[in-house]
Amino acid sequence: MLRNKDKFLELCKGLKLPLNGDICSSTEVLVKHIYEKYFENRILEPDQPPWLDPTNNLCKSLYTSSNQTRYIKPTKDDVWIFGYGSLIWKPDFPFIDRKRGFIRGYRRLFYQNSIDHRGTKSRPGRVVTLLPAVSLESRVYGIAYRISEEHRDEVLAHLDHREKNGYERCVLQFYEYPEQPDNHFDISMYIATPDNTSYAGNVWKIPEIAQQIFAAAGPSGPNREYLFNLASAMRELFPGEEDRHLYELEAEVKQLIADYEPKLLEKALNKEIAEIIETGNRDGDAQETVRDVQQLYEVCSQPGWREDLLTKELESPQELLQALHSKPSIGGQIEIASSKCQ
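Numbering of residues starts from 1 in every chain and runs along the sequence as written. Since the coordinates come from a predicted model, pLDDT governs what is reported: local features require at least 70, and pairs of side-chain atoms require 80 or more to be given and counted, while whole-chain, interface and lining totals use all residues. Hydrogen atoms and water are omitted, and side-chain values are computed over all heavy atoms in the structure.

A. Examining the overall build of the protein chain more closely. Secondary structure elements are taken from DSSP: a helix is a run of H or I of four residues or more, a strand is a run of E of two residues or more, and numbering for both begins at the N terminus. When its secondary structure is counted, the protein chain shows 12 helices and nine strands. Per-residue accessibility, obtained with a 1.4 Å probe over protein chains only, is compared with the maximum for each type, and a residue is labelled buried under 20%, exposed over 50%, and partly exposed between these values. Burial analysis of the protein chain (342 residues in total) assigns 50% to the buried set. In what follows, residue pairs with any heavy atoms lying within 4.5 Å of each other are defined as contacts. Of the contacts formed within the protein chain by residues at least 6 apart in sequence, a portion of 75% connects residues at least 24 apart. When the accessible surface of the protein chain is summed, it comes to about 17200 Å², and 50% of that surface belongs to carbon and sulfur atoms. For the accessible areas, the method is Shrake-Rupley and the probe is 1.4 Å, while residue cover comes only from the protein chains on display.

B. Focus on unusual backbone geometry. With an omega dihedral of -5°, the bond running from tyrosine 177 to proline 178 counts as a cis peptide bond. Its location among the elements puts proline 178 in the loop between strand S6 (167-176) and strand S7 (184-192). Even without being a glycine, lysine 16 presents a positive backbone phi close to 60°. Along the chain, lysine 16 falls in the loop between helix H1 (5-14) and helix H2 (27-38). By relative accessible area, lysine 16 is classed as exposed at 65%.

C. How the structure looks around the packing of helix H6 (residues 206-214) against helix H8 (residues 244-283). Where H6 meets H8, the closest approach of the two axes is 9 Å, and the angle between their N-to-C directions is 55°. In this view, H6 runs oblique relative to H8, as classed from their interaxial angle. The handedness of the crossing between H6 and H8 comes out as right-handed. Here H6 contributes Ile206, Pro207, Ile209, Ala210, Gln211, Ile213 and Phe214 to the contact with H8, which in turn contributes His245, Glu248, Leu249, Glu252, Val253, Leu256, Ile257, Glu261 and Leu264. Split into classes, the residues belonging to the contact of H6 with H8 amount to 11 nonpolar, two polar and three charged. In this description, a line fitted to the C-alpha atoms serves as the axis of each element, helices being fitted only across the stretch in contact, and the angle between N-to-C directions of two axes falls anywhere from 0 to 180 degrees. To sort the angles, those under 35 degrees are grouped as roughly parallel, those over 145 as roughly antiparallel, those from 65 to 115 as roughly perpendicular, and the leftovers as oblique. Crossing handedness: left-handed means the near helix sits turned counterclockwise from the far one by under a right angle, and right-handed means the same turn made clockwise. Each residue is assigned to one of three groups, with Ala, Val, Leu, Ile, Met, Phe, Trp, Tyr, Cys and Pro labelled nonpolar, Asp, Glu, Lys and Arg labelled charged, and all others, Gly among them, labelled polar.

D. Region of interest: helix H5 (residues 149-162). The span you would expect from a helix comes to 1.5 Å times its residue count less one. Between the first and last C-alpha of H5 there are 20 Å, a value that for 14 residues agrees with the 20 Å anticipated at 1.5 Å per step. In this structure, the buried residues of H5 make contact with strand S1 (79-83), strand S5 (139-147), S6 and S7.

E. Up close: the packing of aromatic side chains. Only centres within 6.5 Å qualify two rings of Phe, Tyr or Trp (six-membered ring in Trp) as a pair; their planes then separate them into stacked at under 30 degrees, edge-to-face at over 60, and tilted for everything else. Applying the stated criterion to the full structure yields 18 aromatic pairs. A ring pair is formed by tyrosine 38 and tyrosine 297, whose centres lie 6.4 Å apart and whose planes are at 70°; its orientation type is edge-to-face. Within this pair, whereas tyrosine 38 is found in helix H2, its partner tyrosine 297 is found in helix H9 (residues 286-299), the two being separated by 259 residues in sequence. When the centroid spacing of 5.6 Å and the interplanar angle of 15° are considered together, the rings of phenylalanine 102 and tyrosine 175 count as stacked. A residue pair is termed long-range when its members are at least 10 positions apart, and phenylalanine 102 in strand S2 (residues 97-104) and tyrosine 175 in strand S6 qualify at 73 residues. Given a relative accessible area of 0%, phenylalanine 102 falls into the buried group. By relative accessible area, which is 17% here, tyrosine 175 ends up buried.

The structure is reproduced here in structure tokens:
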């Protein structure tokens, strides 16, 4: 609480808070008023994900087979690239054709740590790689992109750099969807093998992977966004086709969000607000306190803000990682942190 009454009134006016009797009774009451006015709805309103954008229809976009503004004639020296992760909805390279389809003999699994896109070194996220399946008829669905000879070298160099965190390029057979026996061809793709340093298949249980995704974000955005985009794309582009690992993981992360996120974020934000108020107590600068609250509100509009606060509530990132890589689940951490919000 600001000790100077005039400064306190200046703070309340700056934050457009009601000047009633109970608001100045304690720091906790002031924090409660600030939280309810500025942050409560922000927690309850989910971030608008790209896959809910009505202009972003993945199936409709396939009718535009090229992202080039001029016609480029196909040649025998073109190369096809298979996208089975974020390349499905986010191809960041020029292509002259694309097709829906699948490869055989592999499984798509969230067995690769991401330290450069959907996570960081201290708090890695999870992204997909491919591993050989027991059945040679097992399928992984995705998108084939045709890269013209003109752009081939620059695109491959770009993808080699983009997939540098443990992925290697290889060639397999691609089959068009809906299945046509004679429509198959060689395609290049990137696979993270188990001997790369970011391989995370040793932590393979769905609840543990879900907990890692729940609190991870990186330069490319929240890890959950990657998961939900992929699941949404698979349902839209390949209706009726099953991907058990993907859909179970999606359900588990959504359950974590529903069960724990609101209380954890409320607790974390109340701590942040209380720290701002205490700083204002020491400095006596009401306008600076107003600016700090406004800055916190702006932070809560940026990608990854939820994950940053969740990590603070689930102890330190290192403890979180240690829990993920040990036998016990971090569910206990979530339960304890959540119960303290009661």
